[in-house]
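Listed below are the residues making up each chain.
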Amino acid sequence: MLHVQRSSQRVVARRFRHATLQAARRNPSRGLATPSDPYDAVIIGGGPGGYVAAIKAAQHGLKTACIEKRGSLGGTCLNVGCIPSKAMLNNSHMYHQTQHDLKRRGIDVSGVELNLPQMLKAKDDAVVSLTKGIEVLFRQNKVDYIKGTASFVSPTRLTVQLNDGGETEIEAKNIIIATGSEVAPFPGGAIEIDEEQIVSSTGALALQQVPEKMVIIGGGIIGLEMGSVWSRLGAQVTVVEFLGGIGGVGIDEEIAKQFQRTLAKQGIKFMLNTKVLSADKKDGKVYIKTEAAKGGKEDELEADVVLVSVGRRPVTTGLNLENIGVEVDPKGRIVIDDQFNTSVQGVKCIGDVTFGPMLAHKAEEEGIAAIEYIKTGHGHVNYHAIPSVVYTHPEVAWVGKTEQELKASGVQYKIGKFPFAANSRAKTNLDTEGQVKFLTEKETDRVLGVHIIGPNAGEMIAEAVLAIEYGASAEDIARTTHAHPTLSEAFKEAAMAAYDKPIHF
């Protein structure tokens, strides 16, 4: 890492050239690039899209740097999103299962207590392990890791405010913007997040005690996952959702309704078609005013903690995009073409900061494809085969079209379903909630969409993604041997149901 004190551009350039030469003498493969020796690729952002792009670039023989301002790699996903939430979901499920499910399995336990500080520590340990692991991968692949905040000087030059003080400039032939997204504020600014009583998903992962009452504004994936965590740990959870269903964009309506019924049986309350007007703190509580989405009489909820989970927005602040002419749409997303090119030559963009679902695995695929376009002139991401997963229990996962989408577009389709209640492995596991649902094109039997609610849905959906990627038919899947007894047999039998009849239901 270079440490260049703030000074005039002339002094900065002189010191930078001197430091670069010194660094190159110590380690010729890891010196920062000079104007006469620019990087082949610089990635702004070290999240799932950015760090994967950096590693792939280095694997292709490109001189590569990754600039990340957080101070730890992995972005929102590894630091305050996907990874810590999955740690809390898994461990809270184990706690809840120990309390409520072991007795019927012939396991008698007593004196079960929640040690929340240790549970939070286990979450943090998982995060540190994975973020440090990316640094190891960077060193192994000879990626220069620059801790700082990048800003465009020109389409090929960046200035970086270093986290340790000072600034530097670097030159690059190709720059990829992968700055991700951040929590969207409550519309209109009527609710201010303080990360103590009124929290975002970040604050919800770090609560130091279990709230007695928790209200979640927004019934999408993040809200439902966090609601499940704190409900299992003892909170009375109420989800307030403006729309008429839960699960967010892309979920099949039938599956969403079954999902809501299942979570309701677990004790989570739902207020659908409900608009939140405000949330005010008073005497240690938060009072939330609501009304019907179509208008009407106001109501009030009381909570100890409120989670604002109304979506995310792209992060472009400080990049100085206007200085080089990068086009941004009205929602703040960077405009790109089908090869991830922005409106400025040599500058590409991937991940949450541009179009498409804000998913880590989507960003990773785009990172690889963007580098392949730079290196070979071609890349590939199939946006019809991007899965989504809700990591509650049971899990919910889907890929491809929903039934409501097929109806709206006039596509002739068939449905194949199979319940986990008829699956032998699910029965032996005493975990039979849910089903697998196939949607196929009526004339060709091609798989158009698969929707799963049930145990291990997040792992099982990969088979559906592969099927859609390769244009498989339901019969292709049904005639493929699946091991017995496995949960995946429910997947096979749902495929059978789509073109013929299942065996066990």
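Residues numbered from 1 in each chain as written. Predicted model: local features only at pLDDT ≥ 70, side-chain atom pairs only at ≥ 80, totals over all residues. Heavy atoms only, no water.

(A) Looking closely at the side chain of Ser-473. With respect to the helices and strands, the residue Ser-473 is situated in the loop between helix H13 (457-469) and helix H14 (474-478). Other than its neighbours up to four places away in sequence, Ser-473 contacts Thr-444, Asp-445, Arg-446 and Val-447. (Helix = DSSP H or I, 4+ residues; strand = E, 2+ residues; numbered from the N terminus. Contact = heavy atoms within 4.5 Å.)

(B) Local environment of the nonpolar core. Within the largest apolar cluster, 55 residues are counted, with the highest numbers of intra-cluster contacts made by Phe-138, Phe-152 and Ile-177. The dominant element in this core, judged by the number of residues it contributes, is helix H2 (residues 48-59), at seven residues. Leave out the neighbours within four places in its chain, and Phe-152 touches Ile-44, Arg-157, Leu-158, Ile-175, Ile-177, Leu-319, Asn-320, Leu-321, Asn-323, Ile-324 and Val-347. Core analysis: the second largest hydrophobic core is formed by 34 residues, Met-119, Leu-224, Leu-307 and Val-390 among them. (Core = buried A, V, L, I, M, F, W, Y, C linked by side-chain atoms within 4.5 Å. Buried < 20%, exposed > 50% of the residue type's maximum accessible area, 1.4 Å probe, protein only.)

(C) Inspection of the environment of Gly-50 at higher detail. Residue placement: Gly-50 occurs in helix H2. Take Gly-50: its relative accessible area is 1%, and that puts it in the buried class. For the pair Gly-50 and Ile-350, spaced 300 residues apart in sequence, the C-alpha to C-alpha distance is 8.0 Å. Other than its neighbours up to four places away in sequence, Gly-50 contacts Ile-43, Gly-45, Ala-178 and Ile-350.

(D) Representation of a negative patch on the surface. A cluster of acidic residues, Glu-212, Asp-280, Asp-299, Glu-300 and Glu-302, forms a negative patch at the surface. A total of three residues in the negative patch trace back to one element, the largest contributor, which is strand E14 (residues 299-303). For Glu-302, the location among the structural elements is in strand E14. (Patch = residues over 30% accessible without salt bridge, like charges linked within 9 Å, V, L, I, M, F, W, Y side chains within 5 Å. Areas by Shrake-Rupley, 256 points an atom, 1.4 Å probe, with all protein chains shown as cover. Salt bridge = Lys/Arg side-chain N within 4 Å of Asp/Glu carboxyl O. Lys, Arg positive; Asp, Glu negative; His and termini not counted. Charge placed at Lys NZ, Arg CZ, Asp CG, Glu CD.)

(E) Local environment of the sheet that holds strand E8 (residues 198-199). Taken in spatial order, the five strands make up an open sheet running E8-E15-E9-E10-E11, and their pairing is parallel. Where the open sheet ends on each side, the last strands, each with one partner, are E8 and strand E11 (269-271). For strand E10 (residues 236-240) and E11, the ladder comprises three bridges, and the chain directions are parallel. Each bridged residue has a counterpart across the sheet, and for Val-240 the counterpart in E11 is Met-271. (Pairing = 2+ DSSP bridges.)

(F) Spatial organisation of helix H5 (residues 116-141). The terminal C-alpha atoms of H5 lie 38 Å apart, and with 26 residues this matches the ideal 38 Å at 1.5 Å per residue to within 8%. Of the residues making up H5, those classed as buried are Leu-116, Met-119, Leu-120, Lys-123, Val-127, Thr-131, Ile-134, Glu-135 and Phe-138. In this structure, the buried side of H5 is in contact with H2, strand E2 (64-68), helix H3 (75-80), helix H4 (82-100), strand E3 (144-154) and helix H7 (221-232). A positive phi of about 60 degrees marks Lys-142, the residue just after H5. (Expected span 1.5 Å × (residues − 1).)

(G) Main features of the packing of aromatic side chains. As enumerated under the stated definition, the model contains four aromatic pairs in all. An angle of 80 degrees between the planes, with centres 6.0 Å apart, marks the rings of Phe-138 and Tyr-145 as edge-to-face. Pair check on accessibility: Phe-138 and Tyr-145 agree, each one buried. (Phe/Tyr/Trp six-rings, centres within 6.5 Å; stacked < 30°, edge-to-face > 60°.)

(H) Spotlight on the environment of Glu-300. Checked against the element boundaries, Glu-300 lands in strand E14. Relative accessible area serves as the criterion here: at 45%, Glu-300 is assigned to the partly exposed category. Linking Glu-300 and Val-276, residues 24 residues apart in sequence, is a C-alpha distance of 9.5 Å. What Glu-300 contacts, discounting residues up to four positions off in sequence, is Tyr-287, Ile-288 and Lys-289.

(I) Inspection of H13 at higher detail. Across its 13 residues, H13 extends 18 Å between first and last C-alpha, which sits within 8% of the 18 Å expected from 1.5 Å per residue. On its buried face, H13 is in contact with strand E18 (388-390), strand E19 (395-400), strand E21 (435-441), strand E22 (447-454), H14 and helix H15 (488-499). A positive backbone phi angle near 65 degrees is found at Gly-471, which sits one or two residues after H13.

(J) Region of interest: unusual backbone geometry. Note that the residue after His-393, namely Pro-394, is joined by a cis bond; omega there is 0 degrees. Tracing the backbone through its elements, the reader meets Pro-394 in the loop between E18 and E19. Cis rather than trans, the peptide bond between His-484 and Pro-485 has omega equal to -5 degrees. With respect to the helices and strands, Pro-485 occurs in the loop between H14 and H15. Phi is positive for Asn-273, close to 50 degrees, though the residue is something other than glycine.

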